[in-house]
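Structure assessment
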Amino acid sequence: MKNSTLLFRSLIIIALLAGIPHLFAYATEQPTPNVAAATVDTTTTEPTKNDFILGNWKVDYQTPELTGAIIYTIKKEGEQFTAYTHQYADENGYTEQAERTKTLVITQFDGYKGKGTYLVAYEGKKYEIECQIDMVDENTFKLSYDYYGYADVETWKRA
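Because the structure is a prediction, the values reported are computed rather than measured.

Topic: the packing of aromatic side chains
Under the counting rule described, the total for this entry stands at 8 aromatic pairs. Residues Tyr-118 and Tyr-145 carry aromatic rings whose centres are separated by 5.5 Å and whose planes lie at 40° to one another, so their mutual orientation is tilted. Of this pair, Tyr-118 sits in strand E6 (residues 113-122) while Tyr-145 sits in strand E8 (residues 140-147), placing them 27 residues apart in sequence. Classification of Tyr-118 by relative accessible area gives buried; the value is 5%. Looking at Tyr-145, the relative accessible area reads 10%, which means it is buried. One aromatic cluster is present, built from ring pairs that chain together Trp-57, Tyr-72, Phe-141 and Trp-156. Residue placement shows Arg-100 over the ring face of Tyr-84; its charged tip is 4.2 Å from the ring centre.

Set out below in structure tokens:
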């Protein structure tokens, strides 16, 4: 592997690992949503075979910058599923409510596999990263992505 390729990949990894705390800081700086707008519910009420993915999902993070978990809420909006941050938890079990930051949009999902967009904010910029969803069982799925050579797999477990 060329030194320049190794250097570039290392920089991307460092930038993403350092960006996770910035994501938390950015999420807490968002203004409180308008109460009138929050009462408008865009979720559908027709149940489908894929609706088991709805609800709260917990992702554990064990990095030098962050040890804890984020709990996301997945809702159905039209024909797609959308995950919003719901709660932060540290390694000691202390929790804090999170702003409803849109984090994941699942555009295709057949109950076993899916595709979507993982939304990440880093240093004031927003990134849309294509991702894949693979169900392990009805209470666990793996979200994987590859962004400019930095690949990762997150395990989402029902909370």
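Quick notes on the pairing of strand E3 (residues 80-90)
Buried residues dominate E3, accounting for 8 of its 11 residues. Pairing geometry for strand E2 (residues 67-77) and E3, over 10 bridges, is antiparallel. Bridging from a neighbouring strand, Ile-74 pairs with Ala-83 of E3. Between the antiparallel neighbours E2 and E3 lie 2 residues, among them Gly-78 with a positive phi of about 70°. The sheet contact formed by E3 and strand E5 (residues 102-109) spans 4 bridges and is antiparallel. Its bridge partner lying in E5, Phe-81 is registered against Ile-106.

Examining the side chain of Asn-50
Looking at where Asn-50 falls in the secondary structure, it is placed in the loop between helix H2 (35-38) and strand E1 (55-62). In this structure Asn-50 comes out as buried when scored by relative accessible area, which is 11%. A distance of 2.8 Å separates a polar side-chain atom of Asn-50 from the backbone oxygen of Phe-109. If we skip the residues at most four places from it in the chain, Asn-50 touches Phe-81, Phe-109, Asp-110 and Gly-111.

Some thoughts on the environment of Ile-71
Positionally, Ile-71 belongs in strand E2. Using a relative accessible area of 13% as the deciding quantity, one classes Ile-71 as buried. Sequence spacing of Ile-71 and Tyr-88 is 17 residues, and the spatial spacing of their C-alpha atoms is 6.3 Å. Filtering out sequence-adjacent residues up to four positions away, Ile-71 remains in contact with Asn-56, Trp-57, Lys-58, Tyr-84, Thr-85, His-86, Gln-87 and Ala-159.

Quick notes on the pattern of salt bridges
Applying the stated criterion across every chain, the model contains 2 salt bridges. With a closest N to O distance of 3.8 Å, Lys-76 and Asp-51 form a salt bridge. Here Lys-76, found in strand E2, pairs with Asp-51, found in the loop between H2 and E1; they are 25 residues apart in sequence, far enough to count as distant. There is no split in this pair, since Lys-76 and Asp-51 are both buried. Between Asp-134 and Lys-113 there is a salt bridge, with its nearest N and O atoms 2.8 Å apart.

Rules behind the numbers
Residues numbered from 1 in each chain as written. Predicted model: local features only at pLDDT ≥ 70, side-chain atom pairs only at ≥ 80, totals over all residues. Heavy atoms only, no water. Phe/Tyr/Trp six-rings, centres within 6.5 Å; stacked < 30°, edge-to-face > 60°. Helix = DSSP H or I, 4+ residues; strand = E, 2+ residues; numbered from the N terminus. Buried < 20%, exposed > 50% of the residue type's maximum accessible area, 1.4 Å probe, protein only. Lys NZ or Arg CZ within 6 Å of the ring centre and 35° of its normal. Pairing = 2+ DSSP bridges. Polar contact = N/O pair within 3.5 Å; in protein donor to acceptor, adjacent residues only side chain to side chain. Contact = heavy atoms within 4.5 Å. Salt bridge = Lys/Arg side-chain N within 4 Å of Asp/Glu carboxyl O.

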